[in-house]
Each structure stands twice: as structure tokens, then as C-alpha cells.
Amino acid sequence: MRRRLSGWLSADDRAVSELIGYVLAFSVVVASIGVVYTAGLDSARQYQRHEIEQNAERAFVALAESLNDIQRGDAPARNGEVRLAGGTLWIDEGPRLTVTVADAGGGTVVYDDRVGAIAYSVGDTTVLYAAGAVIREQRRGGATVPARPRFRCTDRQAVVSFVTVTAGSASGRSSQGSVLIQADGRGTDLLYPFAGETASADSVSVTVGANADAWGRTLTERGWTRSGDSFTCTTDRVVVRRTSIVVDFL
């Protein structure tokens, strides 16, 4: 008589079942490890990229403070160092800056040219030292001004003091290691008032050819009035100064 084995498994069947269970469990474990590893690696990369960008911003803010010594006339030259960490450092043409003074004789453009910039780019971030300010540009997130320019606006006096940057003989693009930035002052020019005249004026307007929103946030907080890409200070006296520096990478 044939024996019925319904509901029972032979030893061979149980072995196959256990093997299949083990393979499935192992596959789930391996897949879970892969997901965790991939997510963790992406997070680590994002954190590393964020730290590189933050370090670049901090380095440029420190550089701006150092170069301000040249602008104030406290030092003929200054050095700074930037660790590139896979980014690129170069001398850029910078934004166009237009400075117009309105006085009894009408409106006079006292400066209209590009100011040059020290630029560092990594990933989606570019950090610039331009016109004495530090600007951080995000490819998809606009721009901020971590270090302000030396622009002042009060009812009694407005001061527009900015820096122009040109490349020296040793400047160029650099993308490896750490770079020493050597900045040599080439003098400060008084663009307004003109020789032999007083600083009396009605207003001064500054137009910046890039990142107007970022400039707007920092200037309107300090008393400037915005109209489009132009910022105006209504005052009694105006001083406009330009400090020229030559930059080399060593």
C-alpha cells in the first residue's frame, strides 16, 4: 500500500528548503549592506564637499582681512594661503564696477571698468575676492557676501573704497596642493574729489555688473538705496578711492 506523505518533507526536501532560505536571507543582508554603503558614501561625499566649500570661504574671508591692510595703507604687501583640495584657483576679470558722483556740476562717472578678482572654484561653488569683498556663488543657489566691501553711507559722508586685481608674472590657474597668494600694493588713487576740489556732493551711485541681489542685501543694510542693479547714497560729501594690487601664485 502506497504511503501518503502529504504535509511531510523528506530529508532532501528539507535540505533544499533550508538552502533556499539561507540564500534568500544572505541576499537580503548583502542588498541591505549595499544600500547602507551607497547612502553612507554619498553622505560622506556631500559632507566632504561641504567642508571643502566652507574652508574655501573661510580662507577667502581671512585673505580679504589681510588685503584690507593694503587698502588701509597699513602694509605694502600681504600673503595668504589657499588649500585647493581638488578645486581651481585663478585670476578672473571680475565684475564691472561703475561709480557715479552727483554734485553741483551734474553726474560724473569717476570709474567704469572691471575690477579683477581672485577666484576659486570647486564643485558647484565659486568664491571670489572682488572689489574688496568676498562673494560666494552657488550654481543653483544664488550668491552671498561673507566679507563686505569697504563702502560706507551716512547722511554726512559716503566712502567708496574698492580694490582692483591684476595678475602678476607668476599667476595662472592652479589645481593641486596649497597655493601661496602674494599680493603687492601698487598705490591708491583718489578718484573723487578731483585735485584741488572739495568732497561736497549730493550723492554717489554704485552699479555692480554681477550678483546684484547679494550686493543689494549687504549694501541696503548699510544705508544704500537700491534701484535695479544700482545702489545710491544721498549725502553731503563723497570720497571714492581705488587701491590697485598685483597678485602672484607661488
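Structure shown above.
Scoring rules and cut-offs
Residues numbered from 1 in each chain as written. Predicted model: local features only at pLDDT ≥ 70, side-chain atom pairs only at ≥ 80, totals over all residues. Heavy atoms only, no water. Salt bridge = Lys/Arg side-chain N within 4 Å of Asp/Glu carboxyl O. Helix = DSSP H or I, 4+ residues; strand = E, 2+ residues; numbered from the N terminus. Buried < 20%, exposed > 50% of the residue type's maximum accessible area, 1.4 Å probe, protein only. Pairing = 2+ DSSP bridges.

**Focus on the pattern of salt bridges**
Stage number 1. In this structure the tally under the stated criterion is 10 salt bridges.
Stage number 2. Residue E57 pairs with R136 through a salt bridge whose shortest N-O separation is 2.8 Å. Here R136 lies in strand 7 (residues 133–138) and E57 lies in helix 1 (residues 11–72), a separation of 79 residues in the sequence. Taken individually, E57 and R136 each receive the classification buried, so the pair is uniform in this respect.

**Points about the pairing of strand 10 (residues 157–167)**
Stage number 1. The buried count for strand 10 comes to 8 of 11 residues, which makes it a mostly enclosed element.
Stage number 2. As paired elements, strand 9 (residues 150–153) and strand 10 share 4 bridges and run antiparallel to each other. For R152, the partnering residue across the bridge sits in strand 10 and is V159.
Stage number 3. Taking the residues that link successive antiparallel strands as the turn, the strand 9-strand 10 hairpin has 3 residues.
Stage number 4. Both strand 10 and strand 15 (residues 237–249) contribute to a ladder of 11 bridges, which runs parallel.

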